[in-house]
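Below are the chains, spelled out letter by letter.
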Amino acid sequence: MNGKCKTGPSPPAVDFRNVGLRYQSPEGETEALKGLSFTVNEGEFLVLLGPSGCGKTTVLSLIAGLIKPSEGEIRIGGEILTEEKRPHIGYMFQPDELLPWARVIDNVLLGCRIRKEDDRAHRERAAALLDEYGLGDFKESFPRSLSGGMRQRAALIRTLATDPSLLLLDEPFSALDYQTRIRVSEDIASIIKREGKTAVMVTHDISEALSLADRILVLSSRPASVKRELHVEIDGRGVIQRRASPLFADYFNLIWKELDDENAS
């Protein structure tokens, strides 16, 4: 024997196994998810698409442990998700939620302070992230002095400052105008890749999904399940390069048809 231990492949970063969710409303019981099964690999950028109201944001809430499934099992990094055992997850919402009365550096350190990790190492990491991603000169500024794109970058750096194992993004570019949206999505995708993070994003925008995703899951109407899985194999690493690819329109039309069929059903 050579004394070396054999190790198997790493477990998925996220693993949904036949997850269902039902909730009560004044109209009675509503089934939001049914038999939802999928995985997210380490370092992957996964995007969820689906009809309005199908439960995309609900999936993010389940991953974050904010709500519990009615049935099935959720594993994060191979460990069953429970109230007692929640993973370290960064959540980026639609609005940037920067505190207007706090300096940029204090906004970025907010998560660290909530986690009681406002030590020298975390402060140095936050400052280094601001420097690396173009906001170093604005550390002592207030959010009102930042453009919309810069605010979103600051919001992502705040999420990264606590060094989460997984990033959840809930339509983070929806409040931006079209040109800024493309530019900021390029910035944020690049930052996530450079930091080596696993990300799950929800969007209604097919073009945005194709510009960013390694893989796309198209969800059905409620109760949501996975209707189609697409590995995005488009040449070009950047958002603009992807959108210029001849394959972009083919993927777009395929996804559009899937969603159109759902909306018509």
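Now for a description of the structure that goes with this document. Note that this is a predicted model, so its numbers are computed, not measured.

**A few points about the overall build of the protein chain**
Here's step 1: Across its full length, the protein chain holds nine helices and 10 strands.
Here's step 2: Against the compact-globule benchmark of 18 Å for 265 residues, the protein chain has a radius of gyration of 19 Å, which places it among compact chains.
Here's step 3: If you line up the protein chain on its principal axes, its C-alpha atoms span 55 × 50 × 50 Å.
Here's step 4: With 265 residues in all, the protein chain has 48% of them scored as buried.
Here's step 5: For the protein chain, the computed accessible surface area is about 13,500 Å², with 49% contributed by carbon and sulfur atoms.
Here's step 6: Across the protein chain, 35 positive and 40 negative side-chain charges occur, with their mean positions spaced 3 Å apart.

**Thoughts on the pairing of strand β7 (residues 166–170)**
Here's step 1: The buried fraction of β7 is high, at five of five residues.
Here's step 2: Taking every second residue as pointing to the same face, both faces of β7 are buried, with L166, L168 and D170 on one and L167 and L169 on the other.
Here's step 3: Bridge count for strand β6 (residues 89–92) against β7 is four bridges, and the pairing is parallel. Paired with I89 across the bridge in β7 is L166.

**Comments concerning the sheet that holds β7**
Here's step 1: With respect to topology, six strands assemble into an open sheet ordered β6-β7-β8-β3-β9-β10, the strand pairing being mixed. Two strands bound the open sheet, and with one partner strand each, they are β6 and β10 (226–231). Looking at each pair of strands side by side, their axes are set apart by 15 degrees on average, direction ignored.
Here's step 2: Judged from the four bridges that link them, strand β3 (residues 45–49) and strand β8 (residues 198–202) form a sheet pairing that is parallel. Bridging across to β8, L46 finds its partner in V200.
Here's step 3: In the packing of helix α1 (residues 56–63) onto the sheet, the strands contacted are β3, β6, β7, β8 and β9 (215–219), and the crossing angle to β7 comes to about 155 degrees.
Here's step 4: In the packing of helix α6 (residues 178–194) onto the sheet, contacts are made with β3, β6, β7 and β8, and the angle to β7 comes to roughly 165 degrees.

**Examining the pattern of salt bridges**
Here's step 1: Following the criterion strictly, the structure yields 24 salt bridges and no others.
Here's step 2: Between R22 and E29 there is a salt bridge, with the nearest N and O atoms lying 3.9 Å from each other.
Here's step 3: Assessed through its relative accessible area of 32%, R22 is described here as partly exposed.
Here's step 4: Accessibility expressed as a relative area gives 53% for E29, which makes it exposed.
Here's step 5: We note a salt bridge from K197 to D163, for which the minimum N-O separation is 2.7 Å.

**Overview of the sheet that holds strand β5 (residues 79–80)**
Here's step 1: Pairing is antiparallel in the open sheet, where four strands are placed in the order β2-β1-β4-β5. Pairing within the sheet leaves two strands with one partner each, and these edge strands are β2 (28–40) and β5.
Here's step 2: Note that strand β4 (residues 71–76) and β5 share two bridges and pair antiparallel. Counterpart to I76 in the pairing with β5 is E79.
Here's step 3: The strands touched by α1 are β1 (14–25), β2 and β4; relative to β1, the strand with the most contacts, the crossing angle is about 115 degrees.

**Things to note about the nonpolar core**
Here's step 1: Counting 50 residues, the largest nonpolar core has L156, L169, I188, I192, L210, I216 and I255 as its most contacted members.
Here's step 2: Those residues in contact with L169, other than ones at most four positions away along the chain, are L60, M92, I188, I192, A199, V200, M201 and V202.
Here's step 3: One finds F16, V40, I63 and V200 within the second-largest nonpolar core, a separate group that totals 30 residues.

Cut-offs applied
Residues numbered from 1 in each chain as written. Predicted model: local features only at pLDDT ≥ 70, side-chain atom pairs only at ≥ 80, totals over all residues. Heavy atoms only, no water. Helix = DSSP H or I, 4+ residues; strand = E, 2+ residues; numbered from the N terminus. Rg over C-alpha atoms; globule rule 2.2 N^0.38 Å. Buried < 20%, exposed > 50% of the residue type's maximum accessible area, 1.4 Å probe, protein only. Areas by Shrake-Rupley, 256 points an atom, 1.4 Å probe, with all protein chains shown as cover. Lys, Arg positive; Asp, Glu negative; His and termini not counted. Charge placed at Lys NZ, Arg CZ, Asp CG, Glu CD. Pairing = 2+ DSSP bridges. Axes fitted to C-alpha atoms, helices over the stretch in contact; angles between N-to-C directions. Contact = heavy atoms within 4.5 Å. Salt bridge = Lys/Arg side-chain N within 4 Å of Asp/Glu carboxyl O. Core = buried A, V, L, I, M, F, W, Y, C linked by side-chain atoms within 4.5 Å.

Read these as geometric descriptors, not functional statements.
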